[in-house]
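# Chain and residue survey
This is what each chain is made of:
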Amino acid sequence: MTLSPINRRRIATFRANKRGYWAALVFAVLFMASLFAEFIANDKPFIVMYDGAIHMPVFKAYPETAFGGEFLTEADYRDPVVAGKIHEEGWMLWPLIRYHHATVAWDLPAPAPTGPGASHVLGTDDQARDVAARLIYGFRISVLFGFTLVIFSSIVGVSAGLVQGFYGGWLDLIFQRFIEIWGGLPQLYILIILASVVEPNFWWLLGLLMLFSWTGLVGVVRAETLRARNLDFVRAARALGVSNSKIMFRHVLPNAMVATITFLPFILAGSVTTLTALDFIGFGLPPGSPSLGEMLQQGKNNLQAPWLGLTGFFAIASLLTLLVFAGEAVRDAFDPRKTLA
Amino acid sequence: MAEAKTTAPAQTNPAAEPPVLEVTDLKKHFPVQSGVLRRTIGHVYAVDGVTFSVGRGETLGLVGESGCGKSTVGRTAMRLLEPTAGSIKLSGVDVTHLSKEELRPYRRQMQIIFQDPFSSLNPRMTAGEIVKEPLYIHNIGDNASRQEMTKALFDRVGLRQAQMNNYPHQFSGGQRQRIGIARALALNPHLIVGDEPVSALDVSIQAQVINLMMDLQEEMEVAYLFIAHDLAVVEHISDYVAVMYLGRIVEYADKKTLFRNPLHPYTEALLSAAPIPDPTIRREKKILQGDVPSPVNPPKGCHFNTRCPYAEERCFVEAPILKDKGDGHTVACHLR
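Residues numbered from 1 in each chain as written. Chains lettered and ligands numbered in written order. Predicted model: local features only at pLDDT ≥ 70, side-chain atom pairs only at ≥ 80, totals over all residues.

Helices and strands together make up the secondary structure of chain B, namely nine helices and 12 strands. Here the C-alpha radius of gyration of chain B, 21 Å, is about what a compact globule of 336 residues would show, namely 20 Å. The long-range fraction of contacts in chain B, counting pairs at least 24 apart against all pairs at least 6 apart in sequence, stands at 67%. (Helix = DSSP H or I, 4+ residues; strand = E, 2+ residues; numbered from the N terminus. Rg over C-alpha atoms; globule rule 2.2 N^0.38 Å. Contact = placed C-beta atoms within 7 Å.)

Residue and element names in this part refer to chain B. Of all five residues making up strand 7 (residues 191-195), five are buried, and the element is well covered by its neighbours. Judged from the four bridges that link them, strand 6 (residues 110-113) and strand 7 form a sheet pairing that is parallel. Considered in strand 7, the bridge of glutamine 111 is made with isoleucine 192. Here strand 7 pairs with strand 8 (residues 223-228) via five bridges, running parallel. Each residue of the ladder has a partner; that of aspartate 195, found in strand 8, is isoleucine 227. As for the winding sense of the linkage, the β-α-β connection from strand 7 through helix 6 (residues 203-220) to strand 8 is right-handed. (Buried ≥ 20, exposed ≤ 12 C-beta atoms within 10 Å, placed from the backbone. Pairing = 2+ DSSP bridges. Right-handed = clockwise from strand over helix to strand, strands pointing away.)

Residues and elements named next belong to chain B. The end-to-end C-alpha distance of helix 6 is 26 Å, a good match for the 26 Å that 18 residues give at a rise of 1.5 Å each. For helix 6, every residue scored as buried is listed here: Gln206, Val209 and Met213. Seen end-on, helix 6 carries its buried residues on one side only, within an arc spanning 75°. Residues of helix 6 that are exposed and point over 90 degrees away from its buried face: Ser204, Asn211, Glu218 and Glu219. (Expected span 1.5 Å × (residues − 1). Arc of directions from axis to C-beta.)

For chain A, the assigned domains read domain 1 (5-36 + 133-340) and domain 2 (43-94). A straight line from the C-alpha centre of domain 1 of chain A to that of domain 2 of chain A covers 43 Å. (Domains from an automatic or database assignment.)

A few words on the sheet that holds strand 1 (residues 21-34) of chain B. Residue and element names in this part refer to chain B. Taken together, the four strands give an open sheet; going across it, the order is 2-1-4-5, and neighbouring strands pair in antiparallel fashion. Of all the strands in the sheet, just strand 2 (39-54) and strand 5 (93-94) have a single pairing partner and so form its edges. Direction of pairing for strand 1 relative to strand 4 (residues 85-90): antiparallel, over a ladder of five bridges. Residue pairing across strands places leucine 21 opposite leucine 90, the latter belonging to strand 4.

Let us now look at the sheet that holds strand 3 (residues 90-93) of chain A. Residue and element names in this part refer to chain A. Across the sheet, which stays open at both edges, the three strands sit in the order 2-1-3 with antiparallel pairing between neighbours. Looking at which strands have only one partner, the edges of the open sheet turn out to be strand 2 (53-55) and strand 3. Taken pair by pair, the neighbouring strands of this sheet meet at an average axis angle of 15°, ignoring direction. Taken together, the three bridges between strand 1 (residues 47-50) and strand 2 define a ladder with antiparallel strand orientation. Paired with methionine 49 across the bridge in strand 2 is isoleucine 54. (Axes fitted to C-alpha atoms, helices over the stretch in contact; angles between N-to-C directions.)

With that settled, the discussion passes to the nonpolar core. B:Leu191, B:Leu225, B:Ala242 and B:Val243 are the most contacted members of the largest nonpolar core, which totals 150 residues. With 14 residues, the single largest contributor to this core is helix 4 (residues 131-167) of chain A. Sequence-distant contacts of B:Ala242, that is, excluding residues within four places in its chain, are made with B:Phe52, B:Leu60, B:Leu62, B:Ile249 and B:Tyr252. By size, the runner-up hydrophobic cluster in this structure holds six residues, among which are A:Tyr50, A:Phe67, A:Ala75 and A:Ile86. (Core = buried A, V, L, I, M, F, W, Y, C linked by C-beta atoms within 7 Å.)

Between chain A and chain B, the contact holds 16 residues from the first and 23 residues from the second. Elements supplying a minimum of two residues to the side of chain A that touches chain B: helix 9 (232-239), helix 10 (244-280) and helix 13 (336-340) of chain A. The greatest single-element share of the side of chain A that touches chain B, amounting to six residues, is contributed by helix 9 of chain A. Per-class residue counts for the side of chain A that touches chain B are 10 nonpolar, three polar and three charged. (Nonpolar A, V, L, I, M, F, W, Y, C, P; charged D, E, K, R; others polar.)

Positionally, B:Ala207 belongs in helix 6. Sequence spacing of B:Ala207 and B:Val233 is 26 residues, and the spatial spacing of their C-alpha atoms is 8.4 Å.

This next bit is on the pairing of strand 8 of chain B. In terms of burial, strand 8 of chain B is largely enclosed, as six of its six residues are buried. Where burial is concerned, the two faces of strand 8 of chain B agree: the one with B:Ala223, B:Leu225 and B:Ile227 and the one with B:Tyr224, B:Phe226 and B:Ala228 are both buried.

Let us now look at the confidence of the model for chain B. When the pLDDT values of chain B are averaged, the result is 86; 95% of them are 70 or greater. Both scores are given for the predicted complex: the pTM is 0.76, the ipTM 0.81. (pLDDT = per-residue confidence, 0-100.)

With that settled, consider the packing of helix 10 of chain A against helix 12 (residues 306-334) of chain A. Residues and elements named next belong to chain A. The geometry of helix 10 relative to helix 12 is characterised by a closest axis approach of 8 Å and an angle of 170° between their N-to-C directions. As summarised for this structure, helix 10 and helix 12 are arranged roughly antiparallel, according to the angle between their axes. In this structure, helix 10 uses Met257, Val258, Ile261, Thr262, Pro265, Phe266, Leu268, Ala269, Val272 and Thr276 to contact helix 12, whose residues at the interface are Ile316, Leu319, Leu320, Leu323, Val324, Ala326, Gly327, Val330, Arg331 and Phe334. Class assignment of the residues belonging to the contact of helix 10 with helix 12 gives a composition of 16 nonpolar, three polar and one charged. (Parallel < 35°, antiparallel > 145°, perpendicular 65-115°, else oblique.)

Attention now moves to the environment of B:Leu135. All names here are of chain B. For leucine 135, the position within the fold is in helix 3 (residues 127-137). Residue classification places leucine 135 among the buried positions, given that 21 C-beta atoms sit within 10 Å. Note: C-alpha distance between leucine 135 and alanine 186 (51 residues apart in sequence) is 6.8 Å. When neighbours within four sequence positions are excluded, leucine 135 is seen to be in contact with Ile140, Gly141, Arg146, Met149 and Ala186.

Structure below.
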């Protein structure tokens, strides 16, 4: 891949911000790892060698009868009977954590929640599910949700801000008043009301939050556009006969991008926080979903089990810190004075 | 304000070739709005009936105090602002009412250079991209030939080809202005409007840029509408000079006539205010009293009557029209 000189310098500036560079790197590694959560924390082994044939339970559901069991339902590999039968005829390779986020550990020595120990590194929650497994899946869903929300709301927000700032006048005036009224709506109540009408799943929740989150970028982009459209280089472009849409995207938008991109990691952090908050009060993802907010709620309800609250707290705090540090490095990289000095 | 209408001063042989730019009775009034409902409560008469023409390869200097409407004339003539009234002809074609799409081919004939070399170049594009953009917008050549043309333009304005990948802030003010000139030249225009192109530069750099513009004019036969407030610069570059006061042209002549024999009292005062670089010369200075009146509410009659040392009764009643005093030297004054 060949990079233009400017992008090479941007990457160099990005790296020069050591704290941000490492934060981005750590975040990227954690995020990539969480994308493969099924291979890190699962109640199914990767590979089962049984009777000379390779089985991959992560990708395919095998009935118990495939391993010499009695039932036609999917094999429970954690069941000592099934495990014993497999070990008689072959072997199986387990992920690091032998629990899925929804796996209930029946063999706990004490009533759930139980504290950290050899079989559950971070303990179990009040429904006897492994906290470490839930943390990995919860991290993944939070970040994926955040990314999706940021992408969609910035597409809408940037376009709205660009059009408003560029054309100005009545259009701008009406749009601004609309956004003020819209922003004045009590977001949380509307989400709660809507959540009682529909059963919120990932996409519903995304749509509902988008209704309000898109306004976040409008102000920044609009202000940058209002400034840029009166600069001489925009006049020069008009004198050249450049069309409005080309002026917007070639001349105005790139100059509004620094402010916009600087905002993105912070909006991402904000989206993660919003989802956590909704989960915490129980209006977020459907019950049983792994989520950081739900973990915090359990921590609140089980103060005798501090590993729940502490895990949730440290997970969210480090996630947000990483995003903010990475955001600062991204901002530096797009700052022409830093990149080109 | 119809009484301010004047005849176009003929400067080139009109039978042979229409002037590159011919502006007739151009007016630009900006509405002044107030209140929640944005009612129009008045107008800024920025340009109020201006007529002039620029012939091929010639330079018309447009001078006046700040706020007299010079830049508005330039921008309206470029159709960057919509004229309130009047007509604009480019090489004989009336472009006053053409739509954006219809106007695009005529954009090739006229280009503009701005005063501020820092805001006139997009900081996110390389110098090469900036100069290349006109070619790309008007579909001239393919990628390879555009690159060649851009290189040639860089040579022509005295920049190194290696600087094509640099960004505007890596250049000095004078170099940036050269990029602006290269961008304006890319389409081989017949006319370049220079909107105070050297006012923001150091004096030594001003001379370089002015001389570059004059060399380019000789090579490419491009006409300039050169807007400035610095008389020395205008005297150096112009063939003809028009003096503006409060939205109107008060005097027009070829350079020599105007500087040797100014007729309008305002021109007199303007010339006497310009410093002469010789401390031994003592002269009577005609210093104007007061400020330029507001263009929202210009004085009745002659616009200059509030500051004119010779103003008579009729100057407060009747607006003077431009009268030819021989050899195309026109002046708008009742007394001269």
